[in-house]
Amino acid sequence: MTALVERPGMAVPSRLGRFAALVAVADPAVRESVTRTLRMLGAVNVEHATSVAQARAMARTGPRALFIADAGLPDGSGAQLVSELRAAGWNRCVVLSSNADPFAVRGAVAAGVRCYLVTTRPEGVGFEGRGGESGVDSLSEREVEVLQHVADGRSNKDTGALLGLSALTVKSHLARIARKLGTGDRAEMVAITLRAGVIQ
C-alpha cells in the first residue's frame, strides 16, 4: 500500500460496525485478501464480482455499506462503475489501482471516486501490504473457514461435512495452516487467529 487519496467525509470501514460489502476484483488472490481484510474490519457479508457487468447486476439489489472495485476490470473501468453506483446511492466506494499516475488519480476523483487506493503487490504479498508465505495474513479464505470450525470445537470429519470437503482435505488445510502459523497445535492456531481478529 503506497498512497491513499481521500475526500473529507469519507467514512473508513472500521467505523461502520457490522456491515455488508460488494467487491469487484478479477484477480483471485487480491479478491481473497480484500475479503479477508473486510471481515477483520467487521463485514458480515461480502459479495464478489469479477467484472463490471457482474458487479452492475449485483448492485441492482441496493446499496451495501461499502463497494470496492479494481480500477481495471476485464470489461471496463472500475472507477467509472463507482461513479455510476454513487449516483445510485452507494456512498462509500473505494477504487484499487497499481497506477500511481497523478492524472489517473485526478480522473478517478473527477468521476466521483471518494477513495482511491494505490497498491503495490509484490509476489507473495497480499492486500494488507504484509505477509509473504507465512503468518495470519497469508491464510486463504477456505483456511479461515476451517479454523473457524476448529474454534467451534468441530472435528475434521464434521468440518468437512459442513464445508463439502473430505476429512483428509480438512487435514491438509490444517497442515498448511500449521506451516503458515508456525504451530501444529490446534488450540494455539485458534488463539493466534482469534487475537488477529481473523476468526471469532
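Note that the coordinates shown come from a computational prediction; the quantities given were computed from them, not determined experimentally. (Residues numbered from 1 in each chain as written. Predicted model: local features only at pLDDT ≥ 70, side-chain atom pairs only at ≥ 80, totals over all residues. Heavy atoms only, no water.)

1. Quick notes on the packing of helix α5 (residues 141–151) against helix α7 (residues 167–181)
Then, in step 1: Relative to each other, α5 and α7 sit at 100°, their axes nearing to 10 Å. By the criterion of interaxial angle, the relationship of α5 to α7 is roughly perpendicular. Facing α5, whose interface residues are R142, E143, V146, L147 and V150, α7 presents V170, H173, L174, R176, I177 and K180.
Then, in step 2: Across the contact of α5 with α7, the residue classes tally to six nonpolar, one polar and four charged. (Axes fitted to C-alpha atoms, helices over the stretch in contact; angles between N-to-C directions. Helix = DSSP H or I, 4+ residues; strand = E, 2+ residues; numbered from the N terminus. Parallel < 35°, antiparallel > 145°, perpendicular 65-115°, else oblique. Contact = heavy atoms within 4.5 Å. Nonpolar A, V, L, I, M, F, W, Y, C, P; charged D, E, K, R; others polar.)

2. Notes on the confidence of the model for the protein
Then, in step 1: Considering every residue of the protein, the mean pLDDT works out to 77; 80% of them sit at 70 or more.
Then, in step 2: Taken together, the stretch residues 1–16 has pLDDT below 50 and engages in 41 contacts with residues farther than four places along the chain or on a different chain.
Then, in step 3: Below pLDDT 50 for its whole length, residues 121–133 participates in 25 contacts with residues either more than four positions away or in separate chains. (pLDDT = per-residue confidence, 0-100.)

3. What to know about the side chain of R64
Then, in step 1: Tracing the chain through its elements places R64 in the loop between α2 (52–59) and β4 (66–70).
Then, in step 2: Engagement of the side chain of R64 in a polar contact is seen with the backbone oxygen of M58, the distance being 3.2 Å.
Then, in step 3: Sequence-distant contacts of R64, that is, excluding residues within four places in its chain, are made with A20, A21, L22, E47, M58, A59 and W90. (Polar contact = N/O pair within 3.5 Å; in protein donor to acceptor, adjacent residues only side chain to side chain.)

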